[in-house]
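Topology and contacts: notes
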Amino acid sequence: GAVVSQHPSWVICKSGTSVKIECRSLDFQATTMFWYRQFPKQSLMLMATSNEGSKATYEQGVEKDKFLINHASLTLSTLTVTSAHPEDSSFYICSANPLERGTGELFFGEGSRLTVL
Amino acid sequence: GESVGLHLPTLSVQEGDNSIINCAYSNSASDYFIWYKQESGKGPQFIIDIRSNMDKRQGQRVTVLLNKTVKHLSLQIAATQPGDSAVYFCAVSRDSGYALNFGKGTSLLVTP
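We now turn to the structure provided with this report.

Looking only at helices and strands, one finds 0 helices and 11 strands in chain B. Going residue by residue from the N terminus, the α and β elements of chain B occur as β-β-β-β-β-β-β-β-β-β-β. Compactness check: chain B gives a C-alpha radius of gyration of 13 Å against a globular reference of 13 Å for 112 residues, within 12% of the reference. Burial analysis of chain B (112 residues in total) assigns 42% to the buried set. The contacts in chain B between residues at least 6 apart in sequence include a share of 52% that link residues at least 24 apart.

As structure tokens, then:
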């Protein structure tokens, strides 16, 4: 089946530094990937839609200058948390829909847990 | 505005019993509905989906029911097993795209 891989699976960083999280579709291409954030014991909240070859679309309340998204190819989207602060500590999850299947089925990565000290 | 909610935050069932998890949504334009299972520290795992042109879909031990009239979605798990213990989320498409709004989650605990 389709696989979405995220890297790193967990990261700890100091406040003020930037962290990059990768989302890769391993056996399919995706023009669109989605980034979600999940705080402990809460649901997933859509942050932004990553579009290959164009700018990402951000949800209301999500700072585009803080959460930089780059969809460089049909198999890779990256989320960079710039000048991270403790309140950015969260579980970041990406999803993608296989371009060629047309079923609408989405596949999720295993998530990346960010802890900002 | 758009909202997706669950009726019960936790559900405890005995092994072998059937489980029913409910979800209400508000966007009448949503046409794709998915149930996900999430185990601690992991990403969501697809269980079953249904499109708005159907009202019932069955999988292996799971059934999803969709009532568009009252904007209600349910997940039925037959013969619940300890491995089914997890948090279950309903997710609803935003209009015709693939971006999803997730419900708050129901924690299912299966006791022996």
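The structure having been displayed, the exposition proceeds.
With that out of the way, let us pick up the pairing of strand β7 (residues 67-73) of chain A. Residue and element names in this part refer to chain A. Relative to strand β8 (residues 76-81), β7 runs antiparallel, the two sharing 5 bridges. By the bridge assignment, L68 is partnered in β8 with T80. Linking β7 to β8, which pair antiparallel, is a turn of 2 residues.

Generally, phi is negative for residues other than glycine and the peptide bonds are trans, each holding for most cases. Along the chain, H7(A) connects to P8(A) via a cis peptide bond; the corresponding omega equals 0°. Looking at the secondary structure, you find P8(A) in the loop between β1 (4-7) and β2 (10-13). The phi angle at K41(A) is positive, at roughly 60°, despite the residue not being glycine. Structurally, K41(A) is set in the loop between β4 (32-38) and β5 (44-51). Assessed through its relative accessible area of 85%, K41(A) is described here as exposed. Of note, the phi angle at K71(B) is positive, near 55°, even though the residue is not glycine. Within the secondary structure, K71(B) sits in the loop between β7 (62-67) and β8 (72-77). The partly exposed category is assigned to K71(B), whose relative accessible area is 24%.

With that settled, the discussion passes to the interface of chain B and chain A. Between chain B and chain A, the residue contacts involve 17 residues of the former and 19 residues of the latter. Sorting the residues of chain B by area buried against chain A places P44(B), Y98(B) and F102(B) first, and these three jointly supply 34% of that buried surface. Across the chain B-chain A interface, the total number found is 1 salt bridge. Those elements that place two or more of their residues in the side of chain B that touches chain A are β4 (32-38), β5 (45-51) and β10 (100-102) of chain B. The element contributing the most residues to the side of chain B that touches chain A is β4(B), with 3 residues. Partitioning the side of chain B that touches chain A into residue classes produces 9 nonpolar, 4 polar and 4 charged.

Right, let's talk about the sheet that holds β8(A) for a bit. All names here are of chain A. With respect to topology, 4 strands assemble into an open sheet ordered β1-β3-β8-β7, the strand pairing being antiparallel. Since the sheet does not close on itself, it has two edges, and those belong to β1 and β7, each with one partner. Across the sheet, the mean angle separating the axes of adjacent strands is 15° when strand polarity is ignored.

All names here are of chain B. As paired elements, strand β6 (residues 56-58) and β7 share 3 bridges and run antiparallel to each other. By the bridge assignment, Q58 is partnered in β7 with T63. The turn linking β6 back onto β7 is made up of 3 residues, and R61 within it adopts a positive phi angle of 65°. Of the pairings in the sheet, the one linking β7 to β8 comprises 6 bridges and is antiparallel in character.

This next bit is on the pattern of salt bridges. All names here are of chain A. What the rule picks out here adds up to 7 salt bridges over all chains. The residue R24 makes a salt bridge to E22 at a minimum N-O spacing of 3.5 Å. Given a relative accessible area of 23%, E22 falls into the partly exposed group. A salt bridge links K66 to D88, with the shortest nitrogen-to-oxygen separation between them at 2.8 Å.

Analysis parameters
Residues numbered from 1 in each chain as written. Chains lettered and ligands numbered in written order. Predicted model: local features only at pLDDT ≥ 70, side-chain atom pairs only at ≥ 80, totals over all residues. Heavy atoms only, no water. Helix = DSSP H or I, 4+ residues; strand = E, 2+ residues; numbered from the N terminus. Rg over C-alpha atoms; globule rule 2.2 N^0.38 Å. Buried < 20%, exposed > 50% of the residue type's maximum accessible area, 1.4 Å probe, protein only. Contact = heavy atoms within 4.5 Å. Pairing = 2+ DSSP bridges. Buried area = accessible area lost by both parts, 1.4 Å probe. Salt bridge = Lys/Arg side-chain N within 4 Å of Asp/Glu carboxyl O. Nonpolar A, V, L, I, M, F, W, Y, C, P; charged D, E, K, R; others polar. Axes fitted to C-alpha atoms, helices over the stretch in contact; angles between N-to-C directions.

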